Amino acid sequence: MNFTPAQPKIVVVGSCSLDLVLYTEKIPSSNETVMASHCDNYFGGKGANQAVGTARLGANVYFIGCVGVDPLGQQIMRNLVDENVNVGFVTETDQDSTGTAYVTSSDGDAAIVVVPAANKYLTTQNVEEADRYIHAADMILLQLEIPMNVVEYTVRKAKSYGKMVGLYASPGRLLSNEIIESADFIIAKSSELEIIFGEDQKEKVLKKYFNKVFIRDETNSTVFFDGTEMKYFRNENESMVYKMGMGDAFTSGFAIALCHQNSIEDCVKFGNEVSSKVSLGKGAQTALPKLSEFI
């Protein structure tokens, strides 16, 4: 991995929330009640996770998101500030509460219900207000827990300025041809290919979008097609304790490596390494590594 002297400038447009995690002996089936041993709260939201992840890896990060006018929204803002993320473009709405995610976790498996709440009220105007920062950025990062019209507007604006655009296509939603063609890289879960691309054959998707689409699974395995052959990388930690946020961690590592002008293969390797580290701590942001751990 090569780290250039320049500090990458990254704008993250996305969601922020609080993850409420219930630890149980099993994931309940339909109409079944189970007892939780305990409950923990962690800062989350795919956008906030990526903002914190890239900031810890040395980027100058601006976050564009939306919280409710409530104590939880203030806690999220303070946490982002503590993580050296600029929150000047995080807006507050009185139309809904701050977003939450409810997670039932058992032996590494999880059932997750996301309540977007305030995240639904992020608008294209919020993005427009950050125009000069997008113009000055090296890369724009997005996910799909915010309105799709905001994602499309942001991609269009970023590409009009010739900026790199990275998309973690999660939770899985159908992507327009414009987004697919405009994005510099798209990260997708192997279980959501048909939802995202309208095609569930991994090799077909990868060969059509070589060096652009990177498919991941829960073993921290990443595969892509380099135009000649399939490339497989896996970095699974046996002591993995928390799988939520691994995709965001991978995205953060991949983005930083790309900003430092590394090869696609090295970007994937670094993304896997960052993702592996985050799985060692509870909470999507808790164990996100700092740049000093790699230099």
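Our subject is the structure that appears above.
Presented here is an overview of the structure given in this document. Treat the numbers as computed from the prediction; the structure is a model and nothing was measured. (Residues numbered from 1 in each chain as written. Predicted model: local features only at pLDDT ≥ 70, side-chain atom pairs only at ≥ 80, totals over all residues. Heavy atoms only, no water.)

## Points about the overall build of the chain
Next up, step 1: Looking only at helices and strands, the chain has 10 helices and 13 strands in total.
Next up, step 2: Here the chain has roughly 12900 Å² of accessible surface; of this, 47% comes from carbon and sulfur atoms.
Next up, step 3: Put simply, the chain has 26 plus and 37 minus side-chain charges, and the middle of one group is 4 Å from the middle of the other. (Helix = DSSP H or I, 4+ residues; strand = E, 2+ residues; numbered from the N terminus. Areas by Shrake-Rupley, 256 points an atom, 1.4 Å probe, with all protein chains shown as cover. Lys, Arg positive; Asp, Glu negative; His and termini not counted. Charge placed at Lys NZ, Arg CZ, Asp CG, Glu CD.)

## Structural notes on the sheet that holds strand β12 (residues 221–225)
Next up, step 1: Strand order in the open sheet formed by nine strands is β5-β4-β1-β8-β9-β10-β11-β12-β13, with mixed pairing between adjacent strands. The open sheet has two free edges, formed respectively by β5 (85–93) and β13 (230–234), since each of these has just one partner strand. In this sheet, neighbouring strand axes are inclined to one another by 20° on average, regardless of whether the strands run parallel or antiparallel.
Next up, step 2: The pairing of strand β10 (residues 185–189) with strand β11 (residues 213–217) spans four bridges and is parallel. Bridging from a neighbouring strand, I186 pairs with V213 of β11. (Pairing = 2+ DSSP bridges. Axes fitted to C-alpha atoms, helices over the stretch in contact; angles between N-to-C directions.)

## Description of a nonpolar patch on the surface
Next up, step 1: Together, Y102, V113 and V115 give the surface a local cluster of nonpolar side chains, amounting to about 260 Å² of exposed area.
Next up, step 2: Structurally, V115 can be placed in strand β7 (residues 109–115).
Next up, step 3: On the basis of relative accessible area, V115 is assigned to the partly exposed category, the value being 35%. (Patch = residues over 30% accessible without salt bridge, like charges linked within 9 Å, V, L, I, M, F, W, Y side chains within 5 Å. Salt bridge = Lys/Arg side-chain N within 4 Å of Asp/Glu carboxyl O. Buried < 20%, exposed > 50% of the residue type's maximum accessible area, 1.4 Å probe, protein only.)

## Digging into helix α2 (residues 71–82)
Next up, step 1: Here α2 contains 12 residues, and its C-alpha end-to-end distance of 16 Å stays within 8% of the 16 Å for a straight helix at 1.5 Å per residue.
Next up, step 2: Those residues of α2 that sit buried are L72, G73, I76, M77, N79 and L80. Take α2 and look down its axis: the buried residues cluster within an arc of 160°, on one side only. Relative to its buried face, α2 has exposed residues pointing more than 90 degrees away, namely P71 and D82.
Next up, step 3: Turning to α2, the residues buried within the fold contact β2 (17–24), β3 (36–44), α1 (46–56), β4 (60–68), β5 and β6 (99–106). (Expected span 1.5 Å × (residues − 1). Arc of directions from axis to C-beta. Contact = heavy atoms within 4.5 Å.)

## Examining the sheet that holds β3
Next up, step 1: One open sheet holds the four strands; their spatial order is β3-β2-β6-β7, and the pairing between them is mixed. Unpaired on one side and paired on the other, β3 and β7 mark the two borders of the sheet. Pairwise comparison of adjacent strand axes, ignoring direction, gives a mean angle of 20° for this sheet.
Next up, step 2: Both β6 and β7 contribute to a ladder of seven bridges, which runs antiparallel. The residue of β7 that forms the bridge with S106 is D109.

## Concerning the side chain of K157
Next up, step 1: Within the secondary structure layout, K157 lies in helix α5 (residues 148–160).
Next up, step 2: Separated by 3.0 Å, the side chains of K157 and E128 make a polar contact.
Next up, step 3: Residue contacts for K157: discarding those within four places in its chain leaves V127, E128, D131 and I134. (Polar contact = N/O pair within 3.5 Å; in protein donor to acceptor, adjacent residues only side chain to side chain.)

## Some words on the layout of surface pockets
Next up, step 1: As a volume, the largest pocket reaches approximately 760 Å³.
Next up, step 2: Around the largest pocket, the lining comprises 36 residues; the ones closest to its centre are K46, I112, Y168, K189 and M244.
Next up, step 3: Elements that contribute at least two residues to the lining of the largest pocket include exactly β2, α1, β6, β7, β10, β11 and α9 (246–259).
Next up, step 4: At five residues, the largest contribution of residues to the lining of the largest pocket is made by β7.
Next up, step 5: Among the residues making up the lining of the largest pocket, the classes are represented as 13 nonpolar, 12 polar and 11 charged. (1 Å grid on protein atoms, 1.4 Å probe; cavity = no way out; pocket = protein on both sides within 12 Å on 5 of 7 lines; lining within 4 Å. Points joined across faces, edges and corners; volume = space filled by probe spheres on them. Nonpolar A, V, L, I, M, F, W, Y, C, P; charged D, E, K, R; others polar.)

## Brief notes about the packing of α9 against helix α10 (residues 264–278)
Next up, step 1: Running from amino to carboxyl end, α9 crosses α10 at an angle of 140°, the nearest separation of the two axes being 7 Å. Of the two elements, α9 crosses α10, and the hand of that crossing is right-handed. Seen from α9, the contacting residues are M246, A249, F250, G253, F254, I256, A257 and L258; seen from α10, they are I264, C267, V268, F270, G271, N272, V274, S275 and V278.
Next up, step 2: Tallied by class, the residues present in the contact of α9 with α10 amount to 13 nonpolar, four polar and no charged. (Left-handed = near helix turned anticlockwise from the far one by under 90°.)

These results come straight from atomic positions and should not be treated as a statement about function.
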